Amino acid sequence: PSEFEQQLDRIKQVLGAFNIPIYTLHGYEADDVTGTIARQASAEGVNTLILTGDTDTLQLVDEHVRVLLANPYGQKTTTTVYDISQVHERYGGLRPDQLADLRGLKGDASDNIPGVKGIGETGAIALL
C-alpha cells in the first residue's frame, strides 16, 4: 500500500543506524526471502530466530530454526516460541515439514488456497 511504501525509506534509515542488514529481492515477498535465509543458515548450523505474526513461517522450524510468533489477540500482544515440539503440540502431532500439506488440504483464504471441500484442520491433520 502507498501508506506503507512512504515509510520504507525511514525504516531503512533506522535499521541502518543500528547496523541491521536489509535483505530484499525484487519480485519476491519478505517471507520468501526470510525463508531462504533461514534455510541457508540452518544448513550451515546457524541457530536462527524468526519474529513474525505469520503462522505460515512455522513450516521453517527445524533443529536450528525457531519462530517467535506474535499473538495479537486479546487485550495485549503475547508471543510464543515454536520449536519442533511446540509445532508438534499445536498441530496434533504434525511435523513442521507437513504444514504446507495441511494448508493445502484445509485451505487458507489469506493466501487464496481453496483447500479440499469438506476438509477442515482436524480432518486434514487426521489425513496427514
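Provided above is the structure to which this section pertains.
Now for a look at the structure at hand. Please read these numbers as outputs of a predicted model, since none were measured by experiment.

## What about helix H1 (residues 2-17)?
Thinking step 1. Between its first and last C-alpha, H1 extends 24 Å over 16 residues, near the 22 Å set by a 1.5 Å rise per residue.
Thinking step 2. The sharpest bend along H1 measures roughly 35° and falls at Leu-8.

## Some words on helix H4 (residues 99-106)
Thinking step 1. Those residues of H4 that fall on the buried side of the exposure criterion are Leu-99, Leu-102, Arg-103 and Leu-105. Angular distribution of buried residues about the axis of H4 spans 165°; they occupy a single face of the element.
Thinking step 2. Buried residues along H4 sit against helix H3 (84-90) and helix H5 (121-127).
Thinking step 3. Looking one or two residues beyond H4, the residue adopting positive phi is Gly-107, at roughly 90°.

## Examining the environment of Leu-58
Thinking step 1. Among the secondary structure elements, Leu-58 is positioned in the loop between strand S1 (48-52) and strand S2 (65-71).
Thinking step 2. A relative accessible area of 0% places Leu-58 in the buried class.
Thinking step 3. Distance from Leu-58 to Leu-99, taken between C-alpha atoms, is 7.6 Å for residues 41 residues apart in sequence.
Thinking step 4. Leaving out residues up to four positions away in the same chain, Leu-58 has contacts with Val-67, Leu-69, Tyr-82, Val-87, Arg-90, Tyr-91, Pro-96 and Leu-99.

## Quick look at the nonpolar core
Thinking step 1. Counting residues in hydrophobic clusters, the biggest one holds 17 residues, and the most contacted among them are Leu-58, Val-87, Tyr-91, Leu-99 and Leu-102.
Thinking step 2. Secondary-structure elements contributing two or more residues to this core are S2, H4 and H5.
Thinking step 3. Excluding its chain neighbours within four sequence positions, the residues that come into contact with Leu-99 are Leu-58, Gln-59, Val-87, Tyr-91 and Leu-94.

## Side note on the sheet that holds strand S3 (residues 78-82)
Thinking step 1. Spatially, 3 strands are ordered S1-S2-S3 in an open sheet, and the strand pairing comes out mixed. The open sheet has two free edges, formed respectively by S1 and S3, since each of these has just one partner strand. Direction aside, the axes of adjacent strands within the sheet are offset by 20° on average.

## Remarks on a nonpolar patch on the surface
Thinking step 1. A surface patch of nonpolar side chains, about 300 Å² in accessible area, is lined by Val-14, Phe-18 and Ile-20.
Thinking step 2. Along the chain, Ile-20 turns up in the loop between H1 and helix H2 (30-43).

## Some points on the pairing of S2
Thinking step 1. Burial within S2 is extensive, with 5 of its 7 residues counted as buried.
Thinking step 2. Where S1 lies against S2, 5 bridges are found, and the strand directions are parallel. By the bridge assignment, Ile-50 is partnered in S2 with Val-67.
Thinking step 3. Here S2 folds back onto S3, and the loop between the two strands holds 6 residues, one of which, Gly-74, carries a positive phi near 95°.

So, how was this worked out
Residues numbered from 1 in each chain as written. Predicted model: local features only at pLDDT ≥ 70, side-chain atom pairs only at ≥ 80, totals over all residues. Heavy atoms only, no water. Helix = DSSP H or I, 4+ residues; strand = E, 2+ residues; numbered from the N terminus. Expected span 1.5 Å × (residues − 1). Bend = angle between axes of the 7 residues up to and from the residue. Buried < 20%, exposed > 50% of the residue type's maximum accessible area, 1.4 Å probe, protein only. Arc of directions from axis to C-beta. Contact = heavy atoms within 4.5 Å. Core = buried A, V, L, I, M, F, W, Y, C linked by side-chain atoms within 4.5 Å. Pairing = 2+ DSSP bridges. Axes fitted to C-alpha atoms, helices over the stretch in contact; angles between N-to-C directions. Patch = residues over 30% accessible without salt bridge, like charges linked within 9 Å, V, L, I, M, F, W, Y side chains within 5 Å. Areas by Shrake-Rupley, 256 points an atom, 1.4 Å probe, with all protein chains shown as cover. Salt bridge = Lys/Arg side-chain N within 4 Å of Asp/Glu carboxyl O.

Nothing here speaks to function; it is geometry throughout.
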